[in-house]
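# Architecture at a glance
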Amino acid sequence: RVRGTVMSETKKTKKTDENTEKKQKTKKRENKDKFVEDLPEEISNSEEEEKESEVKVEQVGYLEVKRKDGKWKPHFCILIGGSFYWYKSNQDIQPDGGINLKGSKIKKLDGDSKKKWILEISNGDKTFVGAFGAAQELDPWINVLTKNSKFESTPPPEKEKGKKQGRMEAAKKKIAGKASTTGIGKSVIKKVINDETAALLISIRKIVKKEANAKKADELEKNIIKLAVKAYLLIDRNKLKGDDFLIADGPLRAAFELLIKCFNGRGRVEPKILSDAFKRVEGMLKKAETVITNLLAPHLTPKNMFRISSTFGYLANAEFLEKVFKGNYQKFYVGFRFV
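Residues numbered from 1 in each chain as written. Predicted model: local features only at pLDDT ≥ 70, side-chain atom pairs only at ≥ 80, totals over all residues. Heavy atoms only, no water.

### With respect to the packing of aromatic side chains
- Using the criterion set out here, one finds eight aromatic pairs in the structure.
- Residues Y62 and F76 carry aromatic rings whose centres are separated by 5.1 Å and whose planes lie at 45° to one another, so their mutual orientation is tilted. In this pair, Y62 is assigned in strand 1 (residues 59–66) and F76 in strand 2 (residues 72–80), connecting sequence segments 14 residues apart.
- Classification of Y62 by relative accessible area gives buried; the value is 4%.
- A relative accessible area of 3% means that F76 is categorised as buried.
- Here F76 and Y87 contribute two aromatic rings whose centre-to-centre distance is 6.3 Å and whose plane-to-plane angle is 50°, an arrangement assigned as tilted. Here F76, found in strand 2, pairs with Y87, found in strand 3 (residues 83–87); they are eleven residues apart in sequence, far enough to count as distant.
- Joined through ring pairs, the aromatic side chains of F84, W86, F128, F132 and W141 make up one cluster. (Phe/Tyr/Trp six-rings, centres within 6.5 Å; stacked < 30°, edge-to-face > 60°. Helix = DSSP H or I, 4+ residues; strand = E, 2+ residues; numbered from the N terminus. Buried < 20%, exposed > 50% of the residue type's maximum accessible area, 1.4 Å probe, protein only.)

Put into C-alpha cells, the structure is as follows:
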C-alpha cells in the first residue's frame, strides 16, 4: 500500500512538472508572438549590394561623416599606415576624402543630443569630423590614430571594381526590402527570431531603457532585428550560407556562457575576477563583430554597416556589462540562458 502511494505521488509530481514545462513553453511562444507583432513597421529598408575586395589595413569602421553642407552621412573609413581615408560606400574605388596623420591634431569634440561621440582630425587646411554610434568606439580609434601619426602617408588600398547590379536585380532587392514591412515581413521575422532570441531581446531592451533611455533601447532593438532580417534574406537568396555565420557563433556562445558563470558566481567571486571576465567577454563579442562585419560588408550599405558598429560598440563593452551586473538584472542573464 505504501509503495502504491509513493508511486502515485511520483506520477502526480511528474505530471505537474510536465504541465509546468508545457506552460513555460506556451508562455515563451506567446511572448515571442507579441514581441514580433509589436515591432515597428519600418523593420527593414531596401539595400544595395556592395562589394569590397579584401585589403590589409590596420583599422576599418563606419562613421557618420560631417559634410561641407553640415549634413552627416555614413562613410566607410580605413586607416592604413600614416593615412586615414573615408569612402561613400565600401564599393567605391576612390575615397571620398583622405588626410595624412603625420603632424595632424587628433581630438574629441563636444557633442550634442544627436551626435555625442565626435572625432576631429585636422592637418593644415584639411579637417575630418566624424561621429561614432557609441562612446566605446571613440577612444580605441583615437589611440590607434595617434599611434599611426608618426608614420609617413600611405596611398589608399587598391580595390577591385565590382559589377554594378542590373535594374531587375535592384528592383528585386527593393521589393525584398518592402516585404519586411508587411505581414509577409513579420512572418520572416518569426522565422529569424525564435522564442529564446525574443526573450533575450526583451531583456536587453529593458536594461538599456533603464541604463540609458527608451530611445536608445528602441534603436538597438531595431538595429539587431533589421540586421538579422537582412542576413536571413541574404541566405535565402543564396548570397551567403548559414554555415558562414558559425564562425561568429563560437565567440558569441563563449561570451554568453561566461556571463552566465559570472551571474551564478555573484557574491562569491572577487570584483577583480569579475572585471577581468567582463573584459574577456568584450573581446569575444568584438571577435564576433569582426566576423559579422566581414560577412555582411560586401552586401550592405554603409548605413546598415554603421548599425553593426554602433550596436556592438554599445553592448560589447566591459564597463556596460559591469554596470548591468551591479544593477543585478536577473532577467538579463535569464535571457542569456536561452541562447
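### Points about the nonpolar core
- Core analysis: the biggest nonpolar cluster contains 48 residues, and V208, F278, L296 and F320 have the highest contact counts within it.
- Setting aside residues up to four positions removed in sequence, L296 forms contacts with L234, L240, F245, M305 and I308.
- Membership of the second largest hydrophobic core comes to 18 residues, among which are I99, L101, L119 and I121. (Core = buried A, V, L, I, M, F, W, Y, C linked by side-chain atoms within 4.5 Å. Contact = heavy atoms within 4.5 Å.)

### Some words on the pattern of salt bridges
- Per the stated rule, a full pass over the model turns up twelve salt bridges.
- One salt bridge in this structure joins R205 and D218, with 2.2 Å as the shortest N-O distance. Here D218 lies in helix 6 (residues 214–236) and R205 lies in helix 5 (residues 195–211), a separation of 13 residues in the sequence.
- Judged by its relative accessible area of 27%, D218 falls in the partly exposed class.
- Among the charged side chains, a salt-bridge network with shared partners connects R205, D218 and E221. (Salt bridge = Lys/Arg side-chain N within 4 Å of Asp/Glu carboxyl O.)

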